[in-house]
Amino acid sequence: MSSATLDAERQRLGTEEPLLRVVEVVKHFHAGVIGSVKAVDGVSFDIRPGETVGLVGESGCGKSTLGRLITQLIPATSGQVVFDGVDITKLRGEKLRQQRKQLQMIFQDPFASLDPRMTVGDIIAEPLENFGLVTGRQKDARVQELLRVVGLNPYFNNRYPHEFSGGQRQRIGIARSLGLNPKLIVCDEPVSALDVSIQAQIINLLEDLQREFKLTYIFIAHDLSVVRHISNRVMVMYLGKIVEISPSQELYDSQEHPYTKALLSAIPVPNPRVESQRRLIELSGEIPSPLNPPSGCRFHTRCPIAKVPTPCADTEPPLEQKAPGRFAACHFSERVRTV
Ligand code: SF4
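The structure contained in this document is the topic of the report that follows. (Residues numbered from 1 in each chain as written. Predicted model: local features only at pLDDT ≥ 70, side-chain atom pairs only at ≥ 80, totals over all residues. Heavy atoms only, no water.)

**Quick notes on the pairing of strand β2 (residues 36-47)**
Part 1 of the argument: The element β2 is extensively covered by neighbouring structure, given that ten of its twelve residues are classed as buried.
Part 2 of the argument: Summarising the sheet, strand β1 (residues 20-30) and β2 pair through nine bridges and their orientation is antiparallel. Across the sheet, residue Leu20 finds its bridge partner in β2, namely Ile47.
Part 3 of the argument: Following β1, the chain reverses through five residues before pairing antiparallel with β2; Gly32 in that reversal takes a positive phi of roughly 65°. (Buried < 20%, exposed > 50% of the residue type's maximum accessible area, 1.4 Å probe, protein only. Helix = DSSP H or I, 4+ residues; strand = E, 2+ residues; numbered from the N terminus. Pairing = 2+ DSSP bridges.)

**Side note on the sheet that holds strand β3 (residues 52-56)**
Part 1 of the argument: The mixed open sheet is built from eight strands, whose spatial order is β6-β7-β8-β3-β9-β10-β12-β11. Looking at which strands have only one partner, the edges of the open sheet turn out to be β6 (103-106) and β11 (320-323). Sheet twist, expressed as the mean angle between neighbouring strand axes with direction ignored, is 25°.
Part 2 of the argument: Note: β3 against strand β8 (residues 216-221), five bridges, orientation parallel. What sits directly across from Val53, in β8, is Ile218. (Axes fitted to C-alpha atoms, helices over the stretch in contact; angles between N-to-C directions.)

**Re the packing of helix α4 (residues 120-130) against helix α5 (residues 136-149)**
Part 1 of the argument: Put simply, α4 and α5 touch, their axes get as near as 9 Å, and they point 110° apart. Here α4 is positioned roughly perpendicular relative to α5, judged by the angle of their axes. Note on packing geometry: the crossing formed by α4 with α5 is right-handed. Residue-level inspection shows Val120, Gly121, Asp122, Ile124, Ala125, Leu128 and Glu129 of α4 in contact with α5, the latter providing Lys139, Arg142, Val143, Leu146 and Leu147.
Part 2 of the argument: Tallied by class, the residues present in the contact of α4 with α5 amount to seven nonpolar, one polar and four charged. (Parallel < 35°, antiparallel > 145°, perpendicular 65-115°, else oblique. Left-handed = near helix turned anticlockwise from the far one by under 90°. Contact = heavy atoms within 4.5 Å. Nonpolar A, V, L, I, M, F, W, Y, C, P; charged D, E, K, R; others polar.)

**Things to note about the state of the cysteines**
Part 1 of the argument: A full pass over the atoms with the stated rule returns zero disulfides.
Part 2 of the argument: Here Cys61 stays free of any disulfide, with the sulfur of Cys297 as its closest cysteine sulfur at 14 Å.
Part 3 of the argument: Residue class for Cys61 comes out buried when judged on its relative accessible area of 1%. (Disulfide = S-S within 2.5 Å.)

**Some words on helix α6 (residues 166-178)**
Part 1 of the argument: When the terminal C-alpha atoms of α6 are compared, their 19 Å separation across 13 residues agrees well with the 18 Å that a helix rising 1.5 Å per residue should span.
Part 2 of the argument: Listed in full, the buried residues belonging to α6 are Gly166, Gly167, Arg169, Gln170, Arg171, Ile172, Gly173, Ile174, Ala175, Ser177 and Leu178. (Expected span 1.5 Å × (residues − 1).)

**Details of the nonpolar core**
Part 1 of the argument: The biggest cluster of nonpolar side chains holds 62 residues, and the ones touching the most others in it are Ile174, Leu206 and Leu224.
Part 2 of the argument: Dropping the residues within four chain positions of it, Leu224 is found in contact with Val56, Val234, Leu251, Tyr252, Thr260, Leu263, Leu264 and Ile267.
Part 3 of the argument: By size, the runner-up hydrophobic cluster in this structure holds 33 residues, among which are Val22, Leu69, Ile74 and Leu91. (Core = buried A, V, L, I, M, F, W, Y, C linked by side-chain atoms within 4.5 Å.)

**Quick notes on the environment of Gln321**
Part 1 of the argument: Summarising the element assignment, Gln321 is placed in strand β11.
Part 2 of the argument: Note: C-alpha distance between Gln321 and Tyr238 (83 residues apart in sequence) is 18 Å.
Part 3 of the argument: Engagement of the side chain of Gln321 in a polar contact is seen with the backbone nitrogen of Gly325, the distance being 3.2 Å. (Polar contact = N/O pair within 3.5 Å; in protein donor to acceptor, adjacent residues only side chain to side chain.)

Here it is as structure tokens:
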């Protein structure tokens, strides 16, 4: 998104300062003599306080890398991540550590993300102790409070992770992330490893916590149906780039990018009449390698409406406003509804 387009979006949303501004962020991983993996390649967007923004795309599109860049678990190759008015890509050492207190992450795999040798109480208290926020009896009281907040028995604090189900473990991960009173939580596929019935419980819990603690979420998923109800806006990512940003309901009603349309066409509709008339848009070929992404529009090798070689294979479409609050990177957005 260009700075002029970002300015237009800010005017539309009003004067409230964004909690997070991501500006032209790039992450390239060096892969020896074969070049570099362009995992995230010039991504810009704003997030307002209290928003939930879904971030969706196929495996390998760079969405989890972007989540780690925002929380500074990995450094950016270039670009800015401005959180609460401070460019955290420029911070180092203690200053970065203090700022990151307010930026937490919930991970996908509740089995792998909790240390099996630690009790639940120690897992939840670890970040609190690292920042010197609890000692002695305070620790147990705070851990029990956090367990209660996420709907677990507060006296489970002496148990070990293997004694809990997948959904309960994800609640423990959420309790750990809440301990430092964050403002922004990046939820990296927090329900992908869970049964469908448990997914709804965890999403409801995250919504309740958002209201109670005024949280802002980035909710990463590979499936648009998962983010539909929780997100105010949705960003769609393809091969290291954001290709569409839109308010959630409007994105599901109509799409400005053929990739978004293809992703949505793959979601079953729980209505036999609608389902029987629905057309699945099959994308040809595999997602290209981020080592050597296609020229021009990165989606042109799979796009059903691409015009090649010109303009789709030789000119990269900018992420630009197509309607108020709606942005897409496509030369032919007006033709998407014909796909
Ligand atoms: Fe398809 Fe061209 Fe639009 Fe890219 S710019 S999505 S290739 S029509």
